[in-house]
Amino acid sequence: MRPSPSVIVVKRMIDIAVGLVGTGAFLFFYPILAILIKMESPGPILYSQERVGINKRSRPREKGPDGEEPAPIRKSDVGGKPFEIYKFRSMRTDAEKNGPQLAAKGIDPRVTQVGWWLRALHLDELPQFWSVLRGDMSFIGPRPERAHFTVEFGRTIPHYQNRTLWVKPGLTGLAQISLGYDEGMESVVRKTYFDYSYRASFSHFGSWARMEWWVLMNTVGYLLIKPRKEGDTRDLASLKRVKLLNMLAHAPKKHGSTHKVTAWVKLDSDDRSMVLQGKDPSEITDRLARLSARGIKTLEVCYTPRKDFDLDDLGFLVDLSHRVNGLGGRMAVRDPSPRVHRMLQEIHMDKVVDLARPQSRVRNFMTVDVECWFHAYNLKEKVPPSTWHLQETRIVANMERILGLFRSQEAKATFFVLGWVAERFPEIVRMIASEGHEIGTHGYYHNLITDMTPASYEEDLAKSLEAIARNYTQPVIGHRASNFTIVPSTYWALEIMAKHGLKYDSSIFPIKRDRYGIPHYPNRLPHTQHLKSGKTMMEFPMSTLGVGNKFLPMSGGGYLRLFPHVVTETFIDSCNRKGHPAMVYFHPWELDQDQRRVSVGLVKTFQHYVNQHSLEWKLNRLMQKFAFTSIRDSMATRRVQVMLRRNPVYIPSHLGAQGDRDAIRAAERREAHDNPVIPRRPARA
């Protein structure tokens, strides 16, 4: 695809200004350099050479209907428009009597003494500013190559001639200042990677500006490096790093090996998100082309590179980034292997695409509290339990969206299902189980444990486990309390969980809130609780960020919707760098913008409805950047097992005398709510 029009205009204006200054410098130095060149060796002061310029052939020529070869479009089919460049002569006049050759490694015997200094200081290239001014070249771009080599390299290096597709060659460039002079076929392959990365930056003005500025600043640094007589002209740290990477021109592909691309699309005509997945390059690009005609509001495209990443794969990534950026979307690379990540970072593709860190061994927890919109505590006054069966529910459609999103990102999660939902919508339990996710219990009526007695809580828990077990064959081992109401006054609930065979709880929030939270809880990582009865319970607390002596809630529910995505992503990244998993949680109704709106006061309305339109987009970004799994699957990993053995919490000693008195009062508290018998299934949308 063609570069952004703004890139073409601004780049040409810069080239004209630089060309005028450079041509003036050429005229100033010409008499001095002409005398030095003539004094050492006879022959012309300047020499001209044909080079290959910009390639404007965006599509390969097709054969005729009878299979005959197509007629050439140009006089010379060498991968670009030929043009003449002029340079100060730095070699003997018979330097290429045996034909075109690449520069020899070390001291080249063809180069004169004056010519070595001209090359070392790059003064031999001053006449090329005239080509920049004329428009044959640009100040920054790929190295202009001779036609003989473009044809030769084009036969062995994939897409070599496309490195200048709609891009003019330049005096300096990303490949030139990173790798120096060519010294063989391997060097040419490495430079092709860099040239492709530079071409990819033309897809968006911002990425081009970042790339152009980096090349300009590092060109100055390159010229300040002391030249050397032997070996490479300059000691380049980037060249040493790149030589350690296995940059492949061709990599043997396994049978059936294909590209994997996932696109997350939101259309102007429909406010719903849409997840497309395709393993064939043409498949995903054709779909994007058809969708662009319908008007794309949001486009997120994620590319998963193969481990045997080569120039074919890079060519596809560059072409895809051009198309995505042309549609106003965002391109990301997901789950690169360490080698591919280092390679893409070294060639500066991180200035063009969102290049996530290589997948770490840390697997974060993705959890979903499966409940309907009217189960939310903030709506309890307006939608009491006695009216639940009369409310419109969209839980099935919302769960299908969530499962589809997890499926496209290959993420697993733990679903804490409300018993009320499991009994009235058994298909939801079956859907979750069929996708291989874990199911835990969220209680039955979504009552706060702080409003329950031990007897009523045990009845509620048993009823929820029974409702889930009707359609779930595996044992339920996880629990999350309604509104995280495991607090010091309700630690007795942990004993009841252990009695009913539950292995872990995920209800403790180490913050201070009116209804929930334990601000001074001693362990904010997965750990083991030693109960008063002698039993143990594993605890997976909610994630919090320490600020001074306070802790802020992060990465879940209303906090996930409220905070900018950068804040959440930075927090999870910092946790993973320490080797700690983060806990993400949300509710299906938080993705549903079409749910019935209930006015429950300014604060509660804000808490319930804020930024619901952005949650699915944020979840998609998180799963692109980080690995997620269920709590049950994570318990088998060595990392989590070590955490569970470290720093256990002894509930009796942590509870204290005041907590004991609170627990006694809670147990004696009269039950302040009733559990209605729901006569029929609620209506669906």
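Please read these numbers as outputs of a predicted model, since none were measured by experiment. Sequence order sets the numbering: in each chain, residues are counted from 1 along the sequence as written. Predicted model: local features are reported for residues with pLDDT of at least 70 only, side-chain atom pairs are reported and counted for 80 or more only, and whole-chain, interface and lining totals are derived from all residues. The side-chain figures draw on all heavy atoms in the structure; neither hydrogens nor water molecules are used.

**Student:** Is there a simple way to explain the pairing of strand S8 (residues 330–333) in this structure?
**Tutor:** The two faces of a sheet get side chains in turn, since along a regular strand they alternate between them. On S8, burial covers both faces: Arg330 and Ala332 on one face and Met331 and Val333 on the other are all buried. In the sheet, strand S7 (residues 296–304) pairs with S8 via four bridges, with the strands oriented parallel. Paired with Cys302 across the strands is Ala332, a residue of S8. With helix H10 (residues 311–326) bridging S7 and the parallel S8, this β-α-β connection has right-handed handedness. The sheet contact formed by S8 and strand S9 (residues 354–355) spans two bridges and is parallel. Note that in S9 the partner of Ala332 across the bridge is Asp354. Throughout this description, buried means an accessible area under 20% of the type-specific maximum (1.4 Å probe, protein chains only), exposed means over 50%, and partly exposed covers the range between. The helix and strand labels rest on DSSP assignments: H or I over at least four residues marks a helix, E over at least two residues marks a strand, and numbering proceeds from the N terminus. Pairs of strands are assigned from DSSP output, requiring at least two bridges between the strands. Here, the term right-handed applies to a crossover whose path from the first strand over the helix to the second runs clockwise when the strands point away from the viewer.

**Student:** Please clarify how the pattern of salt bridges should be interpreted in this entry.
**Tutor:** Side chains bearing opposite charge may pair, as long as their charged atoms lie close to each other. Within this document, salt bridges are pairs made up of a side-chain nitrogen of Lys or Arg and a carboxyl oxygen of Asp or Glu, the two lying within 4 Å of each other. As enumerated under the stated definition, the model contains 25 salt bridges in all. Note that Asp594 and Arg394 form a salt bridge whose closest N and O atoms lie 3.7 Å from each other. Of the two residues, Asp594 sits in the loop between strand S19 (583–586) and helix H19 (602–609) while Arg394 sits in the loop between strand S10 (364–370) and helix H12 (395–409), which places them 200 residues apart along the sequence. On the basis of relative accessible area, Asp594 is assigned to the partly exposed category, the value being 45%. For Arg394, a relative accessible area of 16% corresponds to the buried category. Overlapping salt bridges bring together Glu300, Arg330, Asp354, Glu569, Arg621 and Lys625 as one network.

**Student:** Whenever I open this one, the environment of Tyr472 confuses me. Can you help?
**Tutor:** With respect to the helices and strands, the residue Tyr472 is situated in the loop between helix H15 (454–469) and strand S13 (478–479). On the basis of relative accessible area, Tyr472 is assigned to the buried category, the value being 5%. In sequence terms Tyr472 and Val429 are 43 residues apart; their C-alpha atoms lie 6.7 Å from each other. Throughout, a contact is declared for two residues whenever any of their heavy atoms are within 4.5 Å. Excluding residues within four positions of it along the chain, Tyr472 makes contact with Val429, Ala433, His437, Glu438, Ile439 and Arg632. For this analysis, a polar contact is any N or O atom pair within 3.5 Å, provided that within protein one partner can donate a hydrogen and the other can accept it, and provided that sequence-adjacent residues contribute only side-chain to side-chain pairs. A polar contact of 3.5 Å, which involves the side chain of Tyr472, links it to the backbone nitrogen of Ile439.

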